[in-house]
Amino acid sequence: MHLAILSRNANLYSTRRLVAAAEQQGHTVRIVDTLRCYMNVTTSKPSIHYRGEELEEFDAVIPRIGASVTFYGTAVLRQFEMMGVYTLNESVAITRSRDKLRSLQLLSRKGIGLPITGFAHSPDDIPDLIRMVGGAPLVIKLLEGTQGIGVVLAETEKAAESVIQAFMGLKANIMVQQYIQEAGGADIRCFVIGDKIVAAMKRQAEPGEFRSNLHRGGSAELIKITPQERATATRAAKAMGLNVCGVDLLRSNNGPVVMEVNSSPGLEGIEAATGKDIAGLIIEYITRHAGPNKNRTRGRG
Ligand code: ADP
């Protein structure tokens, strides 16, 4: 097969690993810089141009689209889908997963366990918003945040009110969430390929911190997950329509709750923690599933 990896940076660990795994399995690969692609969207024969030429035909595209380029990146991916090229994750599924409000609403509709969560823009009754999610302590999140930045733990209702007011002053969309204290500063990243969890790691926050992000000093280790956690993660991936994703769970007293579904999960942390060849498994999955017009949406939606 001839594969394209849509990625802005050929030096990223995940990109390098996918190239190596594809070549090892006898495929050819080209890294295509998402933002350098351009296309005529009005033609009846969709195509993509790159560095002055029409891009060659690919059997499959692996999207590695960063959060900051979601809008343009999903448009490029949609163009590939319109051309009938197999894409590992489809553009609609990526768009869904990047919208935290939409994702949680979709997961809730499927009855998947979630922390009690409220969304607000400019609530005129902050105490009621706080009561709605069960009172303090609670977690307040900026919708646009990543890597744990913009995630605040408010231990009292007064603190929560002040933080919400401050975020409102910045005209930011916020999420107010029940604090899952019993998780003990740990979350579980389940790596999903197809309908299987191929690896899982526990990320533990450093002492005195509740956010377990590796960027915030958290550490990762291999973990064995329960059948209920396994089922929750695969159902979450299916609800989002993602073939490959990372599902982040918290262990709550009421069973596993999903915090987030990530459509471009990093490979470095999970390969290091589990010692598994995740990149190789992704390429194997593509080999089994790729083919002309094998996408569900073909660029619709
Ligand atoms: P980001 O998307 O920026 O990483 P998250 O929503 O994943 O933000 O939150 C960062 C970390 O904070 C999580 O990995 C988790 O450890 C912790 N955390 C987030 N929400 C909660 C919550 N409701 N209860 C307990 N811990 C939480």
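Per-chain numbering applies: the sequence of each chain, read as written, is numbered from 1 onward. Where local features are concerned, this predicted model is filtered to residues with pLDDT of at least 70; where side-chain atom pairs are given and counted, the filter is 80 or more; whole-chain, interface and lining totals use all residues. With hydrogens and water set aside, each side-chain value is computed from the structure's full complement of heavy atoms.

## Let's talk about the site of the ligand
Line of reasoning, step 1. Each residue is tested against the molecule or strand, and it is near if at least one of its non-hydrogen atoms lies within 4 Å. As a structural note, the neighbourhood of the ligand is formed by 19 residues, with Lys 141, Gly 148, Gln 178, Ser 212 and Asn 213 the closest of them.
Line of reasoning, step 2. Counting of polar contacts relies on pairs of N or O atoms within 3.5 Å, with two restrictions inside protein: one atom must be capable of donating a hydrogen and the other of accepting it, and residues adjacent in sequence are counted only when both atoms are side-chain atoms. The separation between a nitrogen atom of the ligand and a polar main-chain atom of Ile 180 is 2.9 Å.
Line of reasoning, step 3. Take Asn 213: an N or O atom from its side chain is 2.7 Å from an oxygen atom of the ligand.
Line of reasoning, step 4. Secondary structure elements with two or more residues in the shell around the ligand: strand 9 (138-142), strand 11 (174-178) and strand 16 (255-262). Secondary structure elements are taken from DSSP: a helix is a run of H or I of four residues or more, a strand is a run of E of two residues or more, and numbering for both begins at the N terminus.

## Points about unusual backbone geometry
Line of reasoning, step 1. With an omega of -5 degrees, the peptide bond running from Ala 136 to Pro 137 counts as cis.
Line of reasoning, step 2. With respect to the element layout, Pro 137 can be found in the loop between helix 5 (126-132) and strand 9.
Line of reasoning, step 3. The backbone of Arg 51 shows a phi angle near 50 degrees, a positive value even though the residue is not glycine.
Line of reasoning, step 4. Here Arg 51 lies in the loop between strand 4 (49-50) and strand 5 (53-54).
Line of reasoning, step 5. Arg 51 gets classed as exposed once you look at its relative accessible area, which sits at 58%.
Line of reasoning, step 6. You will see that Lys 171, though not glycine, has its phi angle at about 60 degrees, which is positive.
Line of reasoning, step 7. Mapping Lys 171 onto the fold places it in the loop between helix 6 (157-169) and strand 11. In this scheme, a residue with accessible area under 20% of its type's maximum is buried, one over 50% is exposed, and one in between is partly exposed, where area comes from a 1.4 Å probe on protein chains only.

## Some points on a positive patch on the surface
Line of reasoning, step 1. The patch calculation keeps residues exceeding 30% relative accessible area without a salt bridge and links them within 9 Å when they carry like charges or within 5 Å when they are nonpolar (Val, Leu, Ile, Met, Phe, Trp, Tyr). Accessible areas in this description were obtained via Shrake-Rupley with a 1.4 Å probe; residue shielding takes into account the shown protein chains only. Salt bridges are identified by distance alone: a Lys or Arg side-chain nitrogen within 4 Å of an Asp or Glu carboxyl oxygen. All tallies of charge rest on Lys and Arg as positive and Asp and Glu as negative; His and the ends of each chain are not included. Charged side chains are reduced to one point each, which is NZ for Lys, CZ for Arg, CG for Asp and CD for Glu. A cluster of basic residues, Arg 109, Lys 110, Arg 235, Lys 238 and Arg 296, forms a positive patch on the protein surface.
Line of reasoning, step 2. With respect to the helices and strands, the residue Arg 109 is situated in helix 4 (residues 100-109).

## Concerning helix 3 (residues 91-98)
Given 3.6 residues per helical turn, the α-helix brings residues three or four places apart onto the same face.
Line of reasoning, step 1. Along helix 3, the residues that are buried comprise Ser 91, Val 92, Ala 93, Ile 94 and Ser 97.
Line of reasoning, step 2. Elements in contact with the buried residues of helix 3: strand 6 (60-63), helix 2 (70-82), helix 4, helix 7 (227-240) and strand 16. Contacts are residue-level and defined by heavy atoms, with any inter-residue pair within 4.5 Å sufficient.

## Things to note about a nonpolar patch on the surface
Line of reasoning, step 1. Taken together, the side chains of Leu 35, Tyr 38, Phe 71 and Tyr 72 define a hydrophobic patch exposed on the protein surface, amounting to about 440 Å² of accessible area.
Line of reasoning, step 2. By the secondary structure assignment, Tyr 38 is in strand 3 (residues 37-38).

## Notes on the packing of aromatic side chains
Any aromatic ring pair is given by two values, namely how distant the centres are and how the planes are angled relative to each other.
Line of reasoning, step 1. Working definition: a ring pair exists when centres of Phe, Tyr or Trp rings (six-membered ring for Trp) sit within 6.5 Å. Plane angles under 30 degrees give stacked, over 60 give edge-to-face, the rest tilted. A complete count under the given rule lists two aromatic pairs for this structure.
Line of reasoning, step 2. When the centroid spacing of 6.4 Å and the interplanar angle of 70 degrees are considered together, the rings of Phe 58 and Phe 80 count as edge-to-face. Taken together, the residues span a long stretch of sequence, with Phe 58 in the loop between strand 5 and strand 6 and Phe 80 in helix 2 at a distance of 22 residues.
Line of reasoning, step 3. Given the relative accessible area of 7%, Phe 58 is considered buried.
Line of reasoning, step 4. The exposure class of Phe 80 is buried, given its relative accessible area of 1%.

So far we have only geometry, and geometry alone does not tell us how the molecule works.
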